[in-house]
Amino acid sequence: MDTIETRLAARPRHISPEEWQVRVDLAACYRLLAHFGWDDLVLTHNSARVPGTTDQILINPMGLMFDEITASNLLKVDLDGKLIEPSEYEPIYAGIVIHGAIYYARPDVQCVIHTHTEADIAVGALEDGLLPLSQWAMRFYNRLGYHVYEGVSLDMDERERLQRSIGNHPVLVLRNHGLLATGRNVAEAFSSTYHFERSAEAQLKIQAATASGQKIVVPDPDTCERQAAQFSDGNLARLPGQREWPALLRLCDRLDPSYRT
Ligand SMILES: [Zn+2]
């Protein structure tokens, strides 16, 4: 019988347990972005590298809302967008340009999350970008790339410039467009997205409050650097986002467990 329970328990036989786990995590990430209000209709895209490969990724099918994404409807494509497994869907071309650029240049990256939110765009449109004004923002101190807006990313030519803009940073601010957060797994990329959003929202409130004539207090550079270093020490056991990820999956299960199918 085809019930949600049987489908939740089922992993298609042609998909390895490792790949299925990444599919479930990435589908959960889509649901979480929708839950927090950080989706943008059927636009934007999030991806993860297929375990054991360098040149295959999982990405959303064009035309689905984020709360329709499941582990099994994610597309498997190469870094130039060619479908590796047949699907009735196609990937979003701009997603292939952007995500492919990062995976080609950064073997350490296993997940890329791309958002368009009002807070991302507002902070990215400020000349100084994100400032170290909150504890949320500390992890990004001197660890952000900035990319000048070139229009919708439909040109493979932009890949080289995206790669230069992100360098070795974990997060790239796409000015006037949105954000690109990377991670060594889905949980870490989601953690960066979450913290950037909260940082940006807080910064905009702080800056708006200066209209009353108040001056902004900024922590000293040594403190900011010390805090940022704690989040980027390369210790896999302490990657940001790991502690809360099981709780976030439980939240997804309560919202709608169909992401696991
Ligand atoms: Zn975009």
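Described in the following lines is the structure provided in the data block. (Residues numbered from 1 in each chain as written. Predicted model: local features only at pLDDT ≥ 70, side-chain atom pairs only at ≥ 80, totals over all residues. Heavy atoms only, no water.)

1. Considering the environment of Pro240
Argument step 1. With respect to the helices and strands, the residue Pro240 is situated in the loop between α7 (221-230) and α8 (245-255).
Argument step 2. Ignoring any residue separated from it by four or fewer positions in sequence, one finds Pro240 in contact with Arg139, Ala187, Glu188, Ser191 and Phe231. (Helix = DSSP H or I, 4+ residues; strand = E, 2+ residues; numbered from the N terminus. Contact = heavy atoms within 4.5 Å.)

2. Digging into the pattern of salt bridges
Argument step 1. What the rule picks out here adds up to 13 salt bridges.
Argument step 2. Linking Arg23 and Glu85 is a salt bridge whose minimum nitrogen-to-oxygen distance equals 3.9 Å. Pair noted here: Arg23 is in helix α2 (residues 17-35) and Glu85 is in the loop between β3 (75-78) and α3 (93-105), with a separation of 62 residues, a long-range link.
Argument step 3. Residue classification places Glu85 among the partly exposed positions, given a relative accessible area of 23%. (Salt bridge = Lys/Arg side-chain N within 4 Å of Asp/Glu carboxyl O. Buried < 20%, exposed > 50% of the residue type's maximum accessible area, 1.4 Å probe, protein only.)

3. Overview of a nonpolar patch on the surface
Argument step 1. Nonpolar side chains collect at one region of the surface, where Tyr93, Tyr149, Val152 and Leu154 lie side by side and expose about 420 Å² of accessible area between them.
Argument step 2. Mapped onto the fold, Leu154 is located in the loop between β5 (144-147) and α5 (158-166). (Patch = residues over 30% accessible without salt bridge, like charges linked within 9 Å, V, L, I, M, F, W, Y side chains within 5 Å. Areas by Shrake-Rupley, 256 points an atom, 1.4 Å probe, with all protein chains shown as cover.)

4. Some points on the coordination of the zinc ion
Argument step 1. Within the protein, the zinc ion binds to His114 (NE2), His116 (NE2) and His177 (NE2); these donor distances fall in the range 2.0 to 2.1 Å.
Argument step 2. Read from N- to C-terminus, the donor residues coordinating the zinc ion fall into the pattern H-x1-H-x60-H. (Donors = N, O, S within 2.8 Å, 3.2 Å for Na, K, Ca; no water.)

5. Some details on the nonpolar core
Argument step 1. Grouped together as the largest cluster of nonpolar side chains are 32 residues, with contacts concentrated most on Cys29, Leu32, Leu33, Ile113, Phe190, Trp245 and Tyr259.
Argument step 2. Breaking this core down by element, the ones donating at least two residues are α2, β4 (111-115), α6 (186-209) and α8.
Argument step 3. Considering every element that reaches this core, the biggest residue donor is α2, with 10 residues.
Argument step 4. Sequence-distant contacts of Leu32, defined by excluding residues within four places in its chain, comprise Phe190, Trp245, Leu248, Leu251 and Cys252.
Argument step 5. In this structure, Val77, Ile102, Val109 and Ile166 belong to the second largest nonpolar core, which totals 17 residues. (Core = buried A, V, L, I, M, F, W, Y, C linked by side-chain atoms within 4.5 Å.)

None of the figures reported here should be taken as evidence of function without further support.
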